[in-house]
Amino acid sequence: MKIGILTFWKTQDNYGQLLQCFATITLLKLLGHDPFLIRASNGREYNPTIKDQIFQKIRTIYRLKNSPLYLIKRIIGSVGYTLSHGKLRVHTTNRDFNNFRKNYLNATSKIYSLADLTMTPPEAEGYIVGSDQIWNTTDGIYYLSWAPDNVKKISIAASFGAVNATPDFINLISPWLKRFDLVTVREKGGIEICKKAGVDIPYLIPDPTLLIPLSDYTAIAKPPKNDQPYLFMYLLGTRTDVPWREIKKFASENGLEIKYVGSQGQEDKYPKSEPTIPEWLGLMQDAEYVITNSFHGTIFALKMQKKFMVLPIIGPAAKMNDRLTTLLHPFQLSSHIYKDSLNPLSFEIDYSSVNSQIKKQADKAIELLQSALQK
């Protein structure tokens, strides 16, 4: 079956976003289908105004307030750049994500707007949305509002993120969700939202990154070329309390180098690298320990059988921690969500039991997908 996939795809630094898309495409190929990514524009283009850029600078100053010398250095550098270039400096990154999209995601050459999809959608026998926080949107693209009635409509581990599910929001999405042949979400909170929207039986399934064999990742991974054991840190810019002193002490006591990758606006004074996706997978694969505040960072720590610690999100976006508890609770690994100590980072994990449970969850999810696609 020819299947069009809609999910987030534009990132230049969020590894999980593209790896979940890679996993969905890989899974559908393994099931004998012909998947392709529909590059959709959902009206959330980021073309920052001067006001947006100033707000971002203020946010950076707040995040660096505990590192005054580094903050002063950054301010001097930014002011110098503005005076010499006549504009605010915007951080750019080059992690070769475009090349990954080209090589692995089988994407449409055209970028479709909602109007394009409504009038002339790309030809397919079915459309799948997900995973990622695609349902933290309201324009209908990722709810398949535009899809013809006679094609399959399925969600795979879709997430509402930290959406405020008001009655107006529920009323908006209800007619869209009722058209789906199969609704699956990745968080328990998503089940409740779907039920309120009138979905008779929404299913909870793992993120697609957990549904494909580990070999599909190791086949493209590029491990770092060094012999020194290391702790791998992967932090997104979502507001998080990071116990730096404790982390550095742990690394020192265990003879570990710290290899640190930051994404999506993560700001601090510590040196970071910007690996490609294959290099990021290699860093995860060869790490002795993993510390992350990322949902997909946690998934890959599990997938690659690492000792790990998850730093929870704080502030207004703390609702997103539901995805971590939903993921880790069935494996009895909730103690690996940081509270007051890094001690659980050293705990032995029974990965034979974890892998068995992941397989059971994956088998059930794949059975649901196969059944929906065959009807």
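Not measured: the values here are computed from a predicted model.

Basis of the calculations
- Residues numbered from 1 in each chain as written.
- Predicted model: local features only at pLDDT ≥ 70, side-chain atom pairs only at ≥ 80, totals over all residues.
- Heavy atoms only, no water.
- Axes fitted to C-alpha atoms, helices over the stretch in contact; angles between N-to-C directions.
- Helix = DSSP H or I, 4+ residues; strand = E, 2+ residues; numbered from the N terminus.
- Parallel < 35°, antiparallel > 145°, perpendicular 65-115°, else oblique.
- Contact = heavy atoms within 4.5 Å.
- Nonpolar A, V, L, I, M, F, W, Y, C, P; charged D, E, K, R; others polar.
- Pairing = 2+ DSSP bridges.
- Buried < 20%, exposed > 50% of the residue type's maximum accessible area, 1.4 Å probe, protein only.
- Arc of directions from axis to C-beta.
- Expected span 1.5 Å × (residues − 1).
- Phe/Tyr/Trp six-rings, centres within 6.5 Å; stacked < 30°, edge-to-face > 60°.
- Lys NZ or Arg CZ within 6 Å of the ring centre and 35° of its normal.

Visitor: So what's going on with the packing of helix α6 (residues 167-177) against helix α7 (residues 188-196)? Residues and values would help.
Guide: Direction vectors running N to C along α6 and α7 enclose 80°, while the axes themselves pass 8 Å from each other. As summarised for this structure, α6 and α7 are arranged roughly perpendicular, according to the angle between their axes. Only I193, C194 and K196 of α7 make contact with α6, whose side of the interface consists of F169, I170, I173 and L177. Partitioning the contact of α6 with α7 into residue classes produces six nonpolar, no polar and one charged.

Visitor: Can you explain unusual backbone geometry? Please cite residues and give values.
Guide: Residue S131 is reached from G130 by a cis peptide bond, and omega for that bond is 0°. Relative to the helices and strands, S131 is located in the loop between β3 (126-129) and β4 (152-155). Residue N106 is not a glycine yet carries a positive backbone phi of 45°. For N106, the position within the fold is in the loop between α4 (97-104) and α5 (114-119).

Visitor: Please set out the sheet that holds strand β9 (residues 289-292) residue by residue, giving values where relevant.
Guide: Read from one edge to the other, the open sheet built from four strands follows the order β8-β7-β9-β10, with strand pairing classed as parallel. The outermost strands of the open sheet, each flanked by one partner alone, are β8 (257-263) and β10 (307-310). Averaged over all pairs of adjacent strands, the angle between their axes in this sheet comes to 15°, without regard to strand direction. Alignment of β9 against β10, held across four bridges, turns out to be parallel. Bridge pairing in β10 links T292 to V310. Across the sheet, helix α11 (residues 295-303) lies against β7 (230-236), β9 and β10, angled at about 165° from β10, the strand it touches most.

Visitor: I'd like a description of the environment of E274, backed by residues and values.
Guide: Following the sequence through the fold, E274 ends up in the loop between β8 and α10 (277-286). Between the C-alpha atom of E274 and that of T93, which follows or precedes it by 181 residues, the distance is 7.5 Å.

Visitor: Please provide a residue-by-residue account of α4, values included.
Guide: Looking only at α4, the buried set comprises F97, F100 and R101. Along α4, the residues classed as buried sweep out an arc of 100° about the axis, all on the same side. Buried residues in α4 make contact with α1 (15-30) and α10. Positioned one or two residues after α4, N106 has a phi angle of 45°, which is positive.

Visitor: Go over helix α13 (residues 351-374) with me, naming the residues and quoting the values.
Guide: Along its 24 residues, α13 runs 34 Å from first to last C-alpha, staying within 8% of the 34 Å computed at 1.5 Å per residue. For α13, the set of buried residues is Y351, V354, I358, A362, A365, I366, L368, L369, A372 and L373. Of the surrounding secondary structure, the elements contacted by the buried residues of α13 are β1 (2-6), α1, β4, β6 (203-204), α11 and β10.

Visitor: Describe the packing of aromatic side chains, and please don't skip the residues or the numbers.
Guide: Aromatic rings considered in pairs are described by the distance between their centres and by the relative angle of their planes. Tallied over the full model, the rule gives 21 aromatic pairs. Look at W135 and Y143: their rings are 5.2 Å apart centre to centre, the planes differ by 5°, and that puts the pair in the stacked class. Residue W135 is classed as buried on the basis of its relative accessible area, which comes to 0%. Note on Y143: relative accessible area 0%, which makes it buried. Here the aromatic residues Y15, F22, F97, F100, Y104, Y217, F232, Y234, W280 and F300 are joined through ring pairs into a cluster of three or more. Here K2 stacks its cationic end above the ring of F36, 5.5 Å away from the centre of that ring. Over the ring of Y230 we find K259; its NZ or CZ atom is 5.5 Å from the centre of that ring.

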